[in-house]
Amino acid sequence: MLYTPIQFRNIKLSNRWVMSPMCMYSSENGMANDFHFVHYGSRSQGGTGLIMIEATGVEPRGRITNKCMGIWNDEQAEKLQQIVNFVHSNSESKIGIQLAHAGRKGSTWNNIQIPVEEGWETLAPSPIPYHPTERIPHALTLEEIKTQVQNFKEAARRAVKAGFDIIEIHGAHGYLVHQFLSPLSNIRTDEYGGSFENRIRFLIEIVDAVNEELNDNTALFVRISGTEYAENGWDIESSVELAKILKQHKVDLVDVSSGGNIHGAKIAVFDGYQVPLSSQVKNKAEVKTGAVGLITKIEQAEDILQKGDADLIFVAREILRNPYIAVQGSFEMNENCFFPHQYLRAKISS
Ligand code: FNR
């Protein structure tokens, strides 16, 4: 199944390998540069079905660090377009971008909060810091929530103009959207807090606003944390309910990760540890899902698809080690996969 195509709207992925979004902390003023061009371009030469550009801030305060990527202005989008154009004209890969706002987890370096003078005032649904030693984030007003939804919408418009095939909204890992979802980080008493319906409202408004910018030539994914491993926190049952609603709002795939919102949460990490979360979301909500987390082997990836636990395989650290994992798998399994025509002699061993 790894080399069976799959379609989202008009976007056809030629295989199920996805380069998972990974911050590279290598941008100045949110701009992509030569490093990103080679970094993403090389995964396209490795046959990856979908390349997902790292968490990209929808506004300057939406970055985790001041070296993170951004798409809050046209210049940033034009630079990203060069990567999109290369991928489209030199491979069979599709390319997506993860739109993000770090919220209370912004203004950091090496996971440590940096002073407001060197960074910025952080934002959140409620004045609760991620870690007790961090400064208290500014709780967004209703007007400011509207502005943030608009920021995602405008970022999506730029991404569509740049030619991206997929937009992914970052709703996981304790960043702003996740902060709204969780009753542990969102204690608002207005229509954005309290009940499940209220806590998911911010994400649903972003989904609807982003969808207004999309047509059938750009599909929409949402990454969530399937659980945050905390008592009374966001859990797998909430994730299944959310996924059903996302499907009604024209989300094409739910990319199921976990954790990130609760400092010190205990996470049991083992091969494919998040696959059961993907499986539950896929089978209970009847949506397409992506599985991610310690998927490092070709047979393991195939097995996840065969068992019906996911539709796409997101690979992060392993694809840093091996940009050619998709092409390598196709050689091993005797399947068709894009391979640069310039490299064809490598298919003949003698
Ligand atoms: C990540 N991860 C991540 N996730 C995300 O949704 N957006 C991001 O920008 C990042 N950034 C990032 C940077 C780096 C260097 C790593 C290693 C990871 C998480 C990543 O996409 C993936 O979910 C996890 O790494 C688990 O998958 P692997 O590494 O076990 O395949």
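Predicted model, so just to flag it, every value in this text is computed and none were measured.

A.B. asks: Any chance you could break down the site of the ligand for me, citing the residues and the numbers?
C.D. replies: Every one of the 15 residues lining the ligand counts as a neighbour, but Ser 20, Pro 21, Gln 98, Leu 294 and Arg 317 are closest to it. Here an oxygen atom of the ligand sits 3.2 Å away from a polar atom, N or O, in the side chain of His 170. Backbone polar atom of Leu 294 to an oxygen atom of the ligand: 2.6 Å apart, as the coordinates give it. For the ligand, whose accessible area on its own is 600 Å², the fraction buried by protein is 83%. Its residues assigned to classes, the shell around the ligand comprises 8 nonpolar, 5 polar and 2 charged.

A.B. asks: Summarise the pattern of salt bridges; cite the residues concerned and give the values.
C.D. replies: Under the definition given, this model contains 15 salt bridges. Across the salt bridge formed by Arg 188 and Asp 190, the nearest N and O atoms sit 2.7 Å from each other. A salt bridge links Glu 241 to Lys 244, with the nearest nitrogen and oxygen atoms 3.1 Å apart. Here Glu 241 pairs with Lys 244, and both are found in helix α7 (residues 236-248), just 3 residues apart, close to one helical turn. On the basis of relative accessibility, which here comes to 33%, the residue Lys 244 falls in the partly exposed class. Several salt bridges share partner residues, and in doing so they unite Lys 153, Arg 157, Glu 212 and Glu 213 into one network.

A.B. asks: Summarise the side chain of Thr 296; cite the residues concerned and give the values.
C.D. replies: Along the chain, Thr 296 falls in the loop between β14 (289-292) and α9 (298-306). Among the residues examined, Thr 296 registers a relative accessible area of 19% and is labelled buried. Reaching out from Thr 296, the side chain makes a polar contact with the side chain of Lys 297 at a distance of 3.4 Å. Dropping the residues within four chain positions of it, Thr 296 is found in contact with Glu 318, Arg 321 and Ile 325.

A.B. asks: Account for α9, with residues named and values stated.
C.D. replies: Within the span of α9, buried status applies to Ile 298, Gln 300, Ala 301, Glu 302, Ile 304 and Leu 305. At the exit of α9 stands Gly 308, carrying a positive phi of roughly 75°.

A.B. asks: Help me get a handle on the packing of aromatic side chains, residues and values and all.
C.D. replies: Applying the stated criterion to the full structure yields 9 aromatic pairs. With centroids separated by 5.5 Å and ring planes inclined at 55°, the aromatic side chains of Phe 37 and Phe 86 adopt a geometry described as tilted. Pair noted here: Phe 37 is in helix α1 (residues 34-45) and Phe 86 is in helix α2 (residues 74-90), with a separation of 49 residues, a long-range link. Overall, the relative accessible area of 30% leaves Phe 37 in the partly exposed class. The exposure class assigned to Phe 86 is partly exposed, which follows from its relative accessible area of 24%.

How each quantity is defined
- Sequence positions are assigned chain by chain, starting from 1 and proceeding in written order.
- Note on the predicted model: pLDDT of at least 70 is required for a residue's local features to be given, and 80 or more for side-chain atom pairs to be given and counted; whole-chain, interface and lining totals, by contrast, use all residues.
- As a rule here, side-chain values cover all heavy atoms of the structure and leave hydrogens and water aside.
- Any residue with a heavy atom positioned within 4 Å of a molecule or strand is treated as near that molecule or strand.
- Whenever two N or O atoms come within 3.5 Å, that pair is a polar contact, provided that in protein one can donate a hydrogen and the other can accept it, and provided that, for residues adjacent in sequence, both atoms are side-chain atoms.
- Note that accessible areas follow from Shrake-Rupley with a 1.4 Å probe, and for residues the cover is restricted to the protein chains shown.
- When residues are sorted by character, Ala, Val, Leu, Ile, Met, Phe, Trp, Tyr, Cys and Pro go into the nonpolar class, Asp, Glu, Lys and Arg into the charged class, and all the rest, Gly among them, into the polar class.
- We count a salt bridge whenever a side-chain nitrogen from Lys or Arg sits within 4 Å of a carboxyl oxygen from Asp or Glu.
- Numbered from the N terminus, helices here are DSSP runs of H or I no shorter than four residues, and strands are runs of E no shorter than two.
- Each residue is assigned to one of three classes by its accessible area relative to the maximum for its type, calculated with a 1.4 Å probe on protein chains only: buried under 20%, partly exposed between the two thresholds, exposed over 50%.
- Every residue pair with non-hydrogen atoms within 4.5 Å of one another is taken to be in contact.
- Centres within 6.5 Å make a pair out of two Phe, Tyr or Trp rings, where for Trp the six-membered ring is used; the pair is then stacked when the planes are under 30 degrees apart, edge-to-face when over 60, and tilted otherwise.

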